[in-house]
Amino acid sequence: MEGLNYNISNISDDLLNAAMQQLWSKRDYDTANFYTTGFETIIFNRDPSFVLKTVLSSSVGFENELLIIGNGHTGETLCRTANEQNLTFHYFDIFSYNWSQIENLLYNRAHISHLLVGIDSDTPIEQIPVINLLHLTSTHKCSLIVYSESSVDALNDIFGGAIDFMICGLTNEPPVSFLVARRSQLVQTEGNSNSLNFDLYSYWQWSMRDRTPIIEPMRV
């Protein structure tokens with residue numbers, strides 16, 4: 001399948017798994033059975049913007065709306081991608097601190113289903129208002145997508161395990177990116193994308209082609 005390749009030259013599976021795990025969590029996971037956490041990993045030999053397009057195309061329906069919170073060129077990337085997908089979206093600068101306005105928007109726009117947060121490479125993670133963002137997703141039952149252009153360790157730990165889709169780049173040359181996604185969210189993407197090239201469900205199924213038929217139960 002185009003865009004998906006586990007045999008990337010000059011990059012070992014062990015190195016990829018170690019890099020993904022470091023960015024995802026400080027917990028020590030068995031990478032071979034990572035799916036028992038309730039999450040799946042998918043590696044793309046494409047840049048992170050391609051992965052973002054795939055996630056948005058497959059998870060946000062045309063009847064739904066997207067709330068984007070970011071800043072700088074990263075915020076521009078998120079808005080441009082949402083616009084290319086013909087999605088209805090609302091954008092706020094992550095440092096605007098106008099949280100009452102954001103809350104009012106969510107109360108008045110019942111079709112907002114996803115919160116897309118952009119973390120740029122110039123902003124320390126300590127400056128990201130994580131508590132406010134988690135309050136929004138919890139109160140308004142939004143799925144949380146985090147797009148990170150920064151190498152932040154244990155990003156899912158920082159977000160209290162609330163991330164549904166996490167998109168990060170691993171290398172620029174060759175371009176390698178990865179997605180960590182909650183399995184319950186991946187199941188819901190089947191048949192959603194209008195483009196085979198951006199069909200997340202198909203990429204997920206392809207990524208599991210070598211998995212043993214004996215599936216271990218999810219570990220809490």
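Residues numbered from 1 in each chain as written. Predicted model: local features only at pLDDT ≥ 70, side-chain atom pairs only at ≥ 80, totals over all residues. Heavy atoms only, no water.

Trainee: Before we go on, may I ask you to explain the overall build of the chain in this structure?
Mentor: Counting its regular elements, the chain contains 8 helices and 7 strands. For the chain, the C-alpha radius of gyration of 17 Å lies close to 17 Å, the compact-globule estimate for 220 residues. Each of the three principal axes of the chain carries a C-alpha extent, and together these read 50 × 35 × 35 Å. Looking at the chain as a whole, 51% of its 220 residues are labelled buried. A sequence separation of at least 24 residues applies to 70% of the contacts in the chain between residues at least 6 apart. As displayed, the chain offers around 10,700 Å² of accessible surface, 48% of which is attributable to carbon and sulfur atoms. Here the chain contributes 12 positive and 25 negative side-chain charges, whose respective centroids are spaced 6 Å apart. (Helix = DSSP H or I, 4+ residues; strand = E, 2+ residues; numbered from the N terminus. Rg over C-alpha atoms; globule rule 2.2 N^0.38 Å. Buried < 20%, exposed > 50% of the residue type's maximum accessible area, 1.4 Å probe, protein only. Contact = heavy atoms within 4.5 Å. Areas by Shrake-Rupley, 256 points an atom, 1.4 Å probe, with all protein chains shown as cover. Lys, Arg positive; Asp, Glu negative; His and termini not counted. Charge placed at Lys NZ, Arg CZ, Asp CG, Glu CD.)

Trainee: Please explain the packing of helix H4 (residues 99–108) against helix H5 (residues 130–140) as it appears in this structure.
Mentor: A pair of packed helices is captured by two measures, namely the crossing angle of their axes and the spacing between those axes. Remark: H4 packs on H5, axes separated minimally by 11 Å, with the N-to-C direction vectors making an angle of 20°. On the basis of the axis angle, H4 is roughly parallel to H5. Handedness of the H4/H5 crossing: right-handed. Two secondary-structure elements touch here, H4 through Trp99, Ile102, Glu103, Leu106 and Tyr107 and H5 through Asn132, Leu133, His135, Leu136, Thr139 and His140. (Axes fitted to C-alpha atoms, helices over the stretch in contact; angles between N-to-C directions. Parallel < 35°, antiparallel > 145°, perpendicular 65-115°, else oblique. Left-handed = near helix turned anticlockwise from the far one by under 90°.)

Trainee: Looking at this structure, I do not really get H5. What am I missing?
Mentor: Side chains of residues three or four places apart in an α-helix project in the same direction, reflecting 3.6 residues per turn. The set of residues buried in H5 consists of Val130, Leu133, Leu136, Thr137 and His140. End-on view of H5: buried residues confined to an arc of 135°, all on one side of the axis. Where H5 is buried, its residues meet strand S2 (65–70), H4, strand S4 (112–119), strand S5 (143–148) and helix H6 (155–158). Positive backbone phi, approximately 55°, marks Lys141, located one or two places after H5. (Arc of directions from axis to C-beta.)

Trainee: Looking at this model, I keep getting lost on unusual backbone geometry. Mind explaining?
Mentor: Where the residue is not glycine, phi is negative for most of them; where a peptide bond is considered, it is trans in most cases. For Lys141, which is not glycine, the phi torsion reads 55° and is therefore positive. Considering the arrangement of structural elements, one finds Lys141 in the loop between H5 and S5. The backbone of Ala154 sits at a positive phi, close to 55°, despite the residue not being glycine. Overall, Ala154 belongs to the buried group, its relative accessible area being 2%.

Trainee: Can you help me understand the sheet that holds S5 in this one?
Mentor: Each strand in a sheet pairs with its neighbour through backbone hydrogen bonds, running either in the same direction (parallel) or in the opposite one (antiparallel). In space, the 7 strands of this open sheet follow the order S1-S7-S6-S5-S4-S2-S3, with mixed pairing throughout. Pairing within the sheet leaves two strands with one partner each, and these edge strands are strand S1 (39–44) and strand S3 (88–93). Within this sheet the neighbouring strands show an average axis-to-axis angle of 20°, counted without direction. The sheet contact formed by S2 and S3 spans 6 bridges and is parallel. Bridged to Leu66 within S3 is Phe89. On the sheet, helix H1 (residues 13–24) packs against S1, strand S6 (165–171) and strand S7 (176–182) and is oriented at approximately 135° with respect to S6. (Pairing = 2+ DSSP bridges.)

Trainee: Looking at this structure, how should I read helix H2 (residues 48–59)?
Mentor: Relative to the 16 Å expected for 12 residues at 1.5 Å per residue, H2 spans 16 Å between its end C-alpha atoms, a close match to the ideal helical length. Most of H2 is tucked away: 9 of the 12 residues are buried. Of all the positions in H2, only Phe50, Val51, Leu52, Thr54, Val55, Leu56, Ser57, Ser58 and Ser59 are classed as buried. (Expected span 1.5 Å × (residues − 1).)

Trainee: Help me out: how do you make sense of the pairing of S4 in this one?
Mentor: Walk down a regular strand and you will see the side chains alternate between the two sheet faces. Burial analysis of S4 places 8 of its 8 residues in the buried class, which makes it a mostly covered element. The pairing of S2 with S4 spans 5 bridges and is classified as parallel. Opposite Ile69, over in S4, you have Val117 as the bridge partner. Two elements, S4 and S5, share 6 bridges in a ladder whose sense is parallel.

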